[in-house]
Amino acid sequence: MQDAGGTAGRMPAGSGFLRREVGLWGLTFVSLGSIIGSGWLLGALSAAQAAGPASVISWLLAGGMLALLALVHAELGTAYPVAGGTARFPGFAFGALAGLTAGWAAWLQAVTIAPIEVEASLQYLNNIGWVRSHLGLLHADGTLSPAGLGFATLLMLLFTVINVLGVRRLTRSNATVVLWKLAIPVLTVIVVAALTFQPSNFTAGGGFSPYGAHGIFAALPAGVVFSLQGFEQAIQLGGEARNPQRDLSRAVILAMLIGTVLYILLQIVFIGGLDPRNLADGWTHPVGAGDFGPYATIAAAAAPAGWPCCCTPTRSSHPPGRDWSTWAPRPGSPTRWPGRAPCRRR
């Protein structure tokens, strides 16, 4: 298999063979981009509801279990660096029928992921007021409207074009997207931890492990394991890896480590950022999911006093007990923005 891979790497363009052009970071970003998906928005909330603060242990357990699978995939990918690796390994081991079944199952799984993520993205965008009022991407029952179907079709066409252009352009565009996907949760960790962090939350609502071992394991299928899946995507590009014997195993393990650490940090800041009053009756409803996810709800609730009045153009943000309609700035003080309450230190 390795000789065949090396021959493919030397074939000229148009020979019918895949080009081996993807390096270590391209492979890493392919796997990391699959690990960091929409699961990070609600994964911490679902895990906390199931296990309380012990949900941190759930992420550690999931990371350990999936690391064993990642090591197996890394070994197989290094030994058999072929395109569509995980779909072809059963064929190598059990014959043509098993390979055909695994290949079709992998293809059906892969072909459904892109529409699912596109619809999830449009549902998220539709929470923006301007988009909801001017574009209306969703019906009242949550299904895509004609405009939503149009935008979904355009996004699917864009994804198709990126894949058709070639693996080098695919990995470059994917690297940009993954860096963005990585920056947002990292920024979330920093912002939420800076705004509010209550260490007492880790023993609130019944203690560190209010539901015992059952809660820790119940959190695994409640979004924890799902969030950490996707590490095997680098193996699918085994036939296009520049140095598969060196890079495939490193890419899979590196992506797995980064994803696990990030999700654990998100869980920690989520628990520490909760309002302790919401935990008095347990972890059933620690915070509302909100239109933009629970982290946005936590950050908005913990924002300094000046933030809401500077960012909200409604009278609901004005300090009560004073008529601000006749307010005028003192000499030398900054003029307020029209229609917004003046910000004052309290």
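Since the structure is predicted, the reported quantities are computational estimates derived from the model, not experimental observations.

(A) Quick peek at the overall build of the protein. Along the backbone of the protein there are 15 helices and 0 strands. For the protein, with 346 residues in total, the buried portion stands at 36%. For the protein, the proportion of contacts with a sequence separation of at least 24, taken over those separated by at least 6, is 76%. Roughly 19,000 Å² of accessible area belongs to the protein as shown, and the carbon and sulfur atoms make up 66% of that amount.

(B) Representation of the pattern of salt bridges in the model. Taken as a whole, this structure holds 2 salt bridges when the rule is applied. Between Asp 247 and Arg 246 there is a salt bridge whose closest N-O contact spans 2.8 Å. Given the relative accessible area of 1%, Asp 247 is considered buried. As a salt-bridge pair, Arg 277 and Asp 275 come within 2.7 Å of each other at their nearest N and O atoms.

(C) Region of the structure containing the packing of aromatic side chains. Scanning all chains against the criterion turns up 9 aromatic pairs. With centroids separated by 5.0 Å and ring planes inclined at 5 degrees, the aromatic side chains of Trp 59 and Tyr 263 adopt a geometry described as stacked. Pair noted here: Trp 59 is in helix H4 (residues 55-79) and Tyr 263 is in helix H13 (residues 244-273), with a separation of 204 residues, a long-range link. The pair formed by Trp 59 and Tyr 263 is uniform in burial state, with each residue classed as buried. These aromatic residues form a ring-pair network of at least three members: Trp 40, Phe 270 and Tyr 295.

(D) Just helix H11 (residues 220-228), in detail. Listing the buried residues of H11 in full gives Leu 220, Gly 223, Val 224, Ser 227 and Leu 228. Mapping the buried residues of H11 onto a view down its axis gives an arc of 155 degrees, with all of them on the same face. Set apart from the buried face of H11 by more than 90 degrees, the exposed residues are Pro 221 and Phe 226. Each element contacted by the buried residues of H11 is listed here: helix H2 (24-35), helix H3 (39-51), H4, helix H10 (212-218) and H13.

(E) Region of interest: the packing of H2 against H13. Taken N-terminus to C-terminus, the directions of H2 and H13 make an angle of 40 degrees; their axes are 8 Å apart at the nearest point. Here H13 runs oblique to H2, going by the angle between their axes. The two elements H2 and H13 cross, and the hand of that crossing is right-handed. Counting all contacts with H2, which are made through Leu 24, Trp 25, Leu 27, Thr 28, Ser 31, Leu 32 and Ile 35, the residues of H13 involved are Asp 247, Leu 248, Arg 250, Ala 251, Leu 254, Ala 255, Met 256, Ile 258, Gly 259 and Tyr 263. Residues of the contact of H2 with H13, tallied by class, amount to 12 nonpolar, 3 polar and 2 charged.

(F) Structural view of H2. End to end, H2 covers 17 Å across 12 residues, agreeing with the expected 16 Å (1.5 Å per residue, within 8%). With 9 of its 12 residues buried, H2 lies for the most part within the structure. Restricting attention to buried positions, one finds in H2 the residues Gly 26, Leu 27, Thr 28, Phe 29, Val 30, Ser 31, Leu 32, Gly 33 and Ile 35.

(G) Representation of the environment of Val 118 in the model. Examined against the element boundaries, Val 118 turns out to sit in helix H6 (residues 96-125). Taking the C-alpha atoms as reference points, Val 118 and Ala 152, 34 residues apart in sequence, are found 6.2 Å from one another. With near-sequence residues (within four places) excluded, Val 118 lies in contact with Ala 152, Leu 155, Met 156 and Phe 159.

(H) Structural detail: the nonpolar core. Leu 27, Leu 228, Phe 270 and Tyr 295 are the most contacted members of the largest nonpolar core, which has 54 residues in total. Listing elements by their share of this core, those giving two or more residues are H2, H3, H4, helix H9 (167-195), H11, helix H12 (233-236), H13 and helix H14 (294-302). In terms of residues, this core owes the most to one element, H13, which gives 12 residues. Apart from residues lying up to four places away in sequence, Leu 27 is in contact with Val 22, Ala 234, Leu 237, Ala 241, Asp 247, Leu 248 and Ala 251. One finds Val 118, Val 131, Leu 144 and Ala 152 within the second-largest nonpolar core, a separate group that totals 6 residues.

(I) Broad picture of the side chain of Thr 28. By the element assignment, Thr 28 lies in helix H2. Assessed through its relative accessible area of 0%, Thr 28 is described here as buried. Once residues lying within four places of it in the same chain are set aside, the contact partners of Thr 28 are Ala 251, Leu 254 and Ala 255.

(J) Spatial organisation of the side chain of Thr 260. Here Thr 260 shows up in helix H13. Ignoring sequence-local partners within four residues, the contact set of Thr 260 consists of Trp 59, Gly 63 and Leu 228.

(K) Layout of a nonpolar patch on the surface. On the surface, Leu 125, Ile 128, Trp 130, Leu 135, Phe 151, Leu 154 and Leu 157 cluster together into a nonpolar patch covering about 650 Å² of accessible area. Broken down by element, the nonpolar patch gets its largest block of residues, 3 residues, from helix H8 (residues 146-165). On the secondary structure map, Leu 157 appears in helix H8.

(L) How the structure looks around the confidence of the model for the protein. Model confidence for the protein is summarised by a mean pLDDT of 79, while 80% of its residues fall at 70 or above. Within the protein, helix H15 (residues 306-311) has the poorest average pLDDT of any element, 41, and H10 the best, 94. Residue range residues 1-15 is modelled with pLDDT below 50. Its contacts to residues more than four positions away, or to other chains, number 14 contacts. Within the model, pLDDT remains below 50 along residues 305-346, and this stretch shows 31 contacts once partners closer than five positions in the same chain are excluded.

What counts, and where the lines are drawn
Residues numbered from 1 in each chain as written. Predicted model: local features only at pLDDT ≥ 70, side-chain atom pairs only at ≥ 80, totals over all residues. Heavy atoms only, no water. Helix = DSSP H or I, 4+ residues; strand = E, 2+ residues; numbered from the N terminus. Buried < 20%, exposed > 50% of the residue type's maximum accessible area, 1.4 Å probe, protein only. Contact = heavy atoms within 4.5 Å. Areas by Shrake-Rupley, 256 points an atom, 1.4 Å probe, with all protein chains shown as cover. Salt bridge = Lys/Arg side-chain N within 4 Å of Asp/Glu carboxyl O. Phe/Tyr/Trp six-rings, centres within 6.5 Å; stacked < 30°, edge-to-face > 60°. Arc of directions from axis to C-beta. Axes fitted to C-alpha atoms, helices over the stretch in contact; angles between N-to-C directions. Parallel < 35°, antiparallel > 145°, perpendicular 65-115°, else oblique. Left-handed = near helix turned anticlockwise from the far one by under 90°. Nonpolar A, V, L, I, M, F, W, Y, C, P; charged D, E, K, R; others polar. Expected span 1.5 Å × (residues − 1). Core = buried A, V, L, I, M, F, W, Y, C linked by side-chain atoms within 4.5 Å. Patch = residues over 30% accessible without salt bridge, like charges linked within 9 Å, V, L, I, M, F, W, Y side chains within 5 Å. pLDDT = per-residue confidence, 0-100.

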